[in-house]
Every structure is written in structure tokens, then in C-alpha cells.
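The residues making up each chain are set out below.
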2 protein chains.
Amino acid sequence: MIKVVLLGSGNVAYHLALGLKKATGFSVIQRYARNSTNDYSFNSSIPVARNLKDLAKADIYIIAVKDDAIASLSDKMSGIDGLVVHTSGSIGLSELNDNLRRGVLYPAQSLTINLKIDLKKVPLVIEAGSNDDLTLLNQLASSLSKNVYQLNSIQREKLHIAAVFANNFSNYMFICAENLCNEANIPFEILKPLILETGQKVQDLNPSQAQTGPARRNDQVVIQKHLNELSGEKKEIYKIVSDAIIKTYEITD
Amino acid sequence: MIKVVLLGSGNVAYHLALGLKKATGFSVIQRYARNSTNDYSFNSSIPVARNLKDLAKADIYIIAVKDDAIASLSDKMSGIDGLVVHTSGSIGLSELNDNLRRGVLYPAQSLTINLKIDLKKVPLVIEAGSNDDLTLLNQLASSLSKNVYQLNSIQREKLHIAAVFANNFSNYMFICAENLCNEANIPFEILKPLILETGQKVQDLNPSQAQTGPARRNDQVVIQKHLNELSGEKKEIYKIVSDAIIKTYEITD
């Protein structure tokens, strides 16, 4: 049995604890959490350490804390023998203390305590400082998910930026849509099937094949009409994104 | 039996023809298509007119042609007795010839011939020039879909702009993500579950509740790191959208 210690008590730690409960060959023997705020979410049979000096001896330590706390936490763990991995998309492997056996286990999907998620389908991106540790981490990741990818820190950083566009920025486009609906007393409900379809479409087609709309057609009449109706950030975003779409297809059409 | 004539042979005409085949109380008695290019897609038992003077007498005529052809087509139909509706999100009711009984039947979702769609779930937005015609159009729309909304032309125009953000612009965010993945040799596959989740999340939560990411947290360290990695339109979009997100939550937090 490969022993795992989970550090942190947020969304990622919670979902990893759930996933590891079902993973064969792995066992979470301890959690580390400075305070008890989120303890209620976790399986109460896992012992909790409140102090780093009480950390149990384990094969893998998973640091699932906020990005800006990872480096200092790893510094305090510098005597540890096991493999120490963080779970952040935007923090390099090298930001972990270099006395440690280091690795990264990044779930490329947002994990929220309140939302059920099938970890088996969550892409896990891994990286490790040695081949042996990569093998161990791959074994751990494969027991949690069917989609495991090995990327280096530079690639993972790029992936994180790509995820900001794919998730955060597309959601902001939904916010703009929501605002426009509210302004005109239109139920936002109307747009929900369209939004769902937008995400479903690119499961099969490339986004560049799935693009439609006035800018895709370079329909300046509609674009100008829309710009006249808009103001502030939404006008600015409409203009820049439309121009970018037009430019994209000018080159390839 | 209420008789319907369908004008046009594109995606919308195709899906309406399919939907009307199953709708009780309605029958497509004729299609109008200037040429035979897309005829193969349609049920061959529907007679086709190639000339407007051959249009059959019907209760409802649905104009499903390109936006810029709607007005002139309706002008050529000015002697018609039935209700004449167009299916565009961005064209006002008043752009149909004013000798006609006018209406709009706008499917607020993109309809592609190649993609199967359950029209019952597609929101249909209706408008008509008189109460009697609104009743007739509502009857038609309700036989096709479970989600029928009545909006005026000003609202429909706003809805169309909102749909550009919700669908076209969010898809462009996926294109940016795809490009970033390609540049760094990262399989775009990794982001597909995240993209699917982004659309699914706002089926239950408001987009403004669903927002996450560096800009939502106003995490300037990550934002600057990302901006340093980007160039061109993607950098500009990253900056403007992040600023807009930060501003959105400054006000409400």
C-alpha cells in the first residue's frame, strides 16, 4: 500500500481525498490542516495533523494549498523523504524546495466542494524531478483518472493560460450576455441551451471549425449595428474580439 | 390542419421542416428554393417551388433565408394573405414588407444541418404584428418547442447581441486556448472537460456566481506572469477581459 499525506483542506484536497478513497493501492494516512475550518467536509477517519512536525512518514505528500503558500510550505518540509507534489497549474516544479523529491499533480479542471465531479474524467497533468518519481506519480494519477498527461513546467504554465481563456474568459462572455439580458428584461434562460451547445460542439469539432456569427462572416452591417447598441467594456470587447475573429479567418479562408 | 410554406433551404429551413413533420396540427405543404443545391437534405415528399409566383396558398410562410435577403424577398411577397414570418435574430419585424401580416420566429440556438438537434429544447422567440397573429405563431412555436418566449424587436436585437457574446465570443476564447496549446505542443484534449463544465455550470449557477480564475481573485502576480507570456490579440484580450472581471467584482464584493 502506497501511503499518501494530503496537505490543505480546500476544494482540491477534498476531491483528491475522495478519489484516493476509491483508488486501489493507495491510502491517505493523514491530512495536514492548520485549522479545522473545512474539516467537516472530509472523511473523519483520516487523522489530522495541525503541525508540520507531526507529519506522518509517507511515500507521497500532496500539497493542495493556495499558490502563494506552496513554496514556503515546501521549505518547511525540507527534511521529508517522500515525493512532495503540488497541485497548481501556474507554479513551476522548481518552486518547491530543492532538497525535496519534487513533483506536480495538476487537475486541469476546476474542483468545487459543492459540485460533484467524476475525478476519473478530470485530466491530471503530472511532472516529476526524476524518472522514478514520474513512474510513482503516474501510478498515483492513473489510479485517480483515466486521463493523465505528462507536461513540463513551461507547458503547464501555457496550459494554465489556455485554461484561463477556455474557462474564465468564456464565463465572462456569459456574464456579458447575462448583463445584456437583464438590461432588456430578457430571461437569461433563453441562452442556456446555446451556451451548453457551445461547449458540447468543441468536444467533436475544433473551436476554429465551430466558429460562427457576424464576425466569422465579416458581416459589417450587423457588427456596426451591435457596436452602436453597446457601451463601455462590452463595446470594447465586442470590437476587439470581432476584429480578432475576422483576422483569424482572413488568413485561412 | 394549418398549412405552412417554408422559404429557404439552409440550416434553419431544414430543422424547421424536420420539426414541423412531427408537429400536430401543422403541415408543410411547399418549400420555396431558388435552386436545388440543398434539396437532398429535405424530405422529398414536400413539393418545391422555384419561382415566387408559384407559391401555394398557406396560413403561414416562414422566410428562412440570409438576413440581407429577407426584406427584398418579403417585398416580392406583398400580395400574400397568410402570416409571413422571418427567422432572424437581428432583423426587426418592421423590415418585412408592411403590406404583409408580419411575424418573427427566431430559434435562439445555432442550427446546423450536420448536427442533430432536439428542436423541442431550442428556445423559440416570437413576435407578431397583431394579437391574432401572435396567437397563431405561438401555436406554431409551441408545437415545435417546449421553450417559447415572446419578445419585441428591440429585445430580440439585444438577445442577438447577448448570443454573440455567449456563443461566438466564448468559442473564440476556445480558439485562443487551442492556439496556445498548439504553440506549446499540448494536446487540446486536456481542456475539453473544462470547457464542457464551463457551459454546464451556468445551467444552474448565474455566470456571475460561476466566475473563477486569477482576475476573479485579482491575483496580479499570476495576471502579470500570463501577460508576459502573451503577445498580439491574445495579450490585448487577456488584459481587457481581466480588467473587466476585476471591475465587476470590485463593485459587488
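Refer to the structure above for everything that follows.
All values reported here derive from a predicted model rather than from experimental measurement. (Residues numbered from 1 in each chain as written. Chains lettered and ligands numbered in written order. Predicted model: local features only at pLDDT ≥ 70, side-chain atom pairs only at ≥ 80, totals over all residues. Heavy atoms only, no water.)

Engineer: With reference to specific residues and values, describe the environment of V84 of chain A.
Structural biologist: All names here are of chain A. Take V84: it is sitting in strand β5 (residues 83-86). Linking V84 and V104, residues 20 residues apart in sequence, is a C-alpha distance of 8.2 Å. Residues contacting V84, with those up to four places away along its chain left out, are Y61, I63, M77, L96, L100, R101, R102 and G103. (Helix = DSSP H or I, 4+ residues; strand = E, 2+ residues; numbered from the N terminus. Contact = heavy atoms within 4.5 Å.)

Engineer: An account of the interface of chain A and chain B is needed here, citing residue identities and associated values.
Structural biologist: Taken together, the contact between chain A and chain B spans 85 residues of the former and 86 residues of the latter. Both sides of the chain A and chain B interface together cover about 8,000 Å² of buried area, and 68% of this is carbon and sulfur. Sorting the residues of chain A by area buried against chain B places K158, F165 and I190 of chain A first, and these three jointly supply 9% of that buried surface. The interface formed by chain A and chain B holds two salt bridges in total. Between K247 of chain A and E233 of chain B there is a salt bridge, with its nearest N and O atoms 2.6 Å apart. In this structure, the connection of chain A to chain B is made through 27 residue pairs in polar contact (both at pLDDT 80 or more). (Buried area = accessible area lost by both parts, 1.4 Å probe. Salt bridge = Lys/Arg side-chain N within 4 Å of Asp/Glu carboxyl O. Polar contact = N/O pair within 3.5 Å; in protein donor to acceptor, adjacent residues only side chain to side chain.)

Engineer: Any details on the packing of aromatic side chains? Residues and values, ideally.
Structural biologist: Tallying each qualifying case throughout the model produces eight aromatic pairs over all chains. Taken together, a centroid distance of 5.1 Å and an interplanar angle of 65° make the contact between Y238 of chain A and F169 of chain B edge-to-face. In this pair, Y238 of chain A is assigned in helix α8 (residues 232-252) and F169 of chain B in helix α4 (residues 153-183), connecting two distinct chains. Overall, Y238 of chain A belongs to the buried group, its relative accessible area being 0%. By relative accessible area, F169 of chain B is classed as buried at 1%. Ring-pair connections join several aromatic residues into one group, and the members of that group are F165 and F169 of chain A together with Y238 of chain B. Looking at R31 of chain B, its charged tip hangs above the ring of F42 of chain B, at a distance of 3.9 Å from the centre. If you follow R216 of chain B out to its NZ or CZ, it ends over the ring of Y249 of chain B, 3.8 Å from the centre. (Phe/Tyr/Trp six-rings, centres within 6.5 Å; stacked < 30°, edge-to-face > 60°. Buried < 20%, exposed > 50% of the residue type's maximum accessible area, 1.4 Å probe, protein only. Lys NZ or Arg CZ within 6 Å of the ring centre and 35° of its normal.)

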